[in-house]
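Topology and contacts: notes
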Amino acid sequence: MHADSASRLSRKLARQQAITEAVIADGTVRIEQLVERFHISLMTVHRDLDELEKRGVLRKSRGVATATATSLVESSDVYRSSRQAAEKEALASAALEFVEPGQAIFLDDSTTVLPMAAHLAARAPLTVVTNSLPLINALTGTRDITLLALGGEYYNWCSAFMGAMTTNAILNLRADTAIMSTAAITDDVAFHQASVTADTKKAMFSASQQRILLVDHTKFERRALHAIMPLADFDIVIVDAKTPKAHVKRLRSKGINVVVALPSARWRRDGSVRPPR
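**Points about the packing of helix H2 (residues 31-38) against helix H3 (residues 42-54)**
With their axes 9 Å apart at the nearest point, H2 and H3 run at an angle of 115° to one another. With respect to each other, H2 and H3 are oriented roughly perpendicular. Relative to H3, the crossing made by H2 is right-handed. Contacts from Ile31, Leu34 and Val35 in H2 reach Leu42, Val45, His46 and Leu49 in H3. Class assignment for the residues of the contact of H2 with H3 results in 6 nonpolar, 1 polar and no charged.

So this is what it looks like as structure tokens:
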């Protein structure tokens, strides 16, 4: 994806996140108020609300937007996209250091991995395999990036293709590296609240030689239902700088290769920091 297209996508996701938070905070908001508050056109507000309604995040009716009290809200890509944005950028930058030109890589549908799209051209040529519609859109037309889009059943709430067709396609491939995130860390195991998402991540894990997990500090505070994989099974676990030292120390004591991603830092492969110039 070109830089301007990536920027438009980022602004759109940030705007939809802001609208979501405004509606959740008040419960119900008139559409005219959203126009005034965010200084955007009525058409843009209606378009955003239509997308949010399809994802099950909000309801739109009779000139008002209403929050939906479901777990789907916190699972949606719109809700997750601007959470810990700075940390996600740092994680994506650190992960990029483990990608080599000429590789084939799996990228999952997580909003943590999404920021990598804007930087992958620096590692071209690459073959990128993904089930994420935002990533597919972001990488379309990027020079020297061969894009393999995984099909399957489309899920609005996460803007991704998943299900049996998707996992079967993944398992018929072999990639050099899989880069993914997770919804929660419990007992040093990665979990996700959706079984179909967990199955997709497991398939990418199984079909790759090197497996990299990106997790921000909030994941250690959450719980989810479906286990994906113990952190010890990943080749590299990249955490953000706000991750409590106790977590980092515990994981390393188990032999887990933990890299702490610092903002504006450059990383060596041994996990040490090379200060920015």
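Next, the rest of the story.
**Observations regarding the nonpolar core**
One finds Leu107, Met116, Leu120, Val128, Ile179, Leu214 and Ile238 to be the most contacted residues of the largest nonpolar core, which totals 29 residues. Membership of the second largest hydrophobic core comes to 28 residues, among which are Ala198, Leu231, Phe234 and Val237.

**What about the confidence of the model for the chain?**
On average, residues of the chain score 86 in pLDDT, and 86% of them reach the 70 mark or higher. In this model, residues 267-277 is a region of pLDDT below 50 whose contacts with residues beyond four sequence positions or in other chains number 24 contacts.

**Describing the pairing of strand E2 (residues 58-61)**
A regular strand carries its side chains on alternate faces of the sheet. Pairing of E2 with strand E3 (residues 64-67) involves 4 bridges; the strand directions are antiparallel. When the sheet's bridge partners are listed, Lys60 is paired in E3 with Ala65. The hairpin turn running from E2 into E3, its antiparallel successor, is 2 residues long, and Arg62 in that turn takes a positive phi close to 50°.

**Details of the sheet that holds strand E15 (residues 258-261)**
Reading across from one edge, E6-E5-E4-E9-E12-E14-E15 is the order of the 7 strands in this open sheet, with parallel pairing throughout. Here the strands that pair on one side only, and so sit at the sheet edges, are strand E6 (145-149) and E15. Ignoring strand direction, the axes of neighbouring strands in this sheet form an average angle of 20°. Taken together, the 4 bridges between strand E4 (residues 104-107) and strand E5 (residues 126-130) define a ladder with parallel strand orientation. In the sheet register, Ala104 faces E5, and the bridge partner there is Thr127.

**Some words on the sheet that holds strand E11 (residues 189-192)**
Across the sheet, 3 strands lie side by side as E10-E11-E13; this open sheet has antiparallel pairing. Pairing within the sheet leaves two strands with one partner each, and these edge strands are strand E10 (184-186) and strand E13 (226-230). Between one strand and the next, the sheet's axes are offset by a mean angle of 35°, whatever the strand orientation. Pairing of E11 with E13 involves 4 bridges; the strand directions are antiparallel. Looking at the pairing, Val189 lines up with Pro230 of E13.

**A few points about the packing of aromatic side chains**
Following the criterion strictly, the structure yields 2 aromatic pairs and no others. Ring geometry for Tyr154 and Phe161: centres 5.1 Å apart, planes at 55°, overall tilted. With centroids separated by 5.1 Å and ring planes inclined at 85°, the aromatic side chains of Phe205 and Phe234 adopt a geometry described as edge-to-face. Taken together, the positions of Phe205 in helix H9 (residues 195-206) and Phe234 in the loop between E13 and strand E14 (236-240) put the pair 29 residues apart, joining distant regions of the chain. Geometry around Phe205 places Arg211 over its ring, the cationic atom sitting 4.2 Å from the centre.

**A closer look at the environment of Leu133**
Topologically, Leu133 is positioned in helix H7 (residues 133-139). Residues Leu133 and Ala160 lie 27 residues apart in sequence; the distance between their C-alpha atoms is 5.5 Å. When residues no more than four places from it in sequence are discounted, the contact partners of Leu133 are Tyr154, Ser159, Ala160 and Phe161.

What counts and how
Throughout, a residue's number is its position along its own chain's written sequence, starting from 1. Per-residue local features are limited, in this predicted model, to residues with pLDDT of at least 70; the limit for side-chain atom pairs, both in listing and counting, is 80 or more; totals at the level of whole chains, interfaces and linings are taken over all residues. As a convention, hydrogens and water are excluded, and side-chain values are obtained from all of the structure's heavy atoms. Here the axes come from fitting lines to C-alpha atoms, over the contacting stretch only for helices, and the angles between their N-to-C directions go from 0 to 180 degrees. A helix here means a DSSP run of H or I that spans at least four residues, while a strand means a run of E at least two residues long, and both kinds are numbered starting from the N terminus. The scheme is simple: roughly parallel for angles under 35 degrees, roughly antiparallel for over 145, roughly perpendicular for 65 to 115, oblique for anything else. For any helix crossing, the convention is left-handed if the near helix is rotated counterclockwise from the far helix by under a right angle, and right-handed if that rotation is clockwise. Contact definition: two residues touch when any of their heavy atoms are within 4.5 Å. When residues are sorted by character, Ala, Val, Leu, Ile, Met, Phe, Trp, Tyr, Cys and Pro go into the nonpolar class, Asp, Glu, Lys and Arg into the charged class, and all the rest, Gly among them, into the polar class. In plain words, nonpolar cores are sets of buried Ala, Val, Leu, Ile, Met, Phe, Trp, Tyr and Cys residues tied together by side-chain atoms within 4.5 Å. Only protein chains enter the accessibility calculation, which uses a 1.4 Å probe; a residue is then buried when its area is under 20% of its type maximum, exposed when over 50%, and partly exposed in between. Scored from 0 to 100, pLDDT records how confident the predictor is in each individual residue. When DSSP finds two or more bridges between a pair of strands, those strands are recorded as paired. Here the aromatic set is Phe, Tyr and Trp, taking the six-membered ring for Trp, and pairing holds for ring centres within 6.5 Å; pairs whose planes are under 30 degrees apart are stacked, those over 60 apart are edge-to-face, and all others are tilted. Sitting over a ring, as applied to charges here, requires NZ of Lys or CZ of Arg to be within 6 Å of the ring centre and within 35 degrees of the ring normal.

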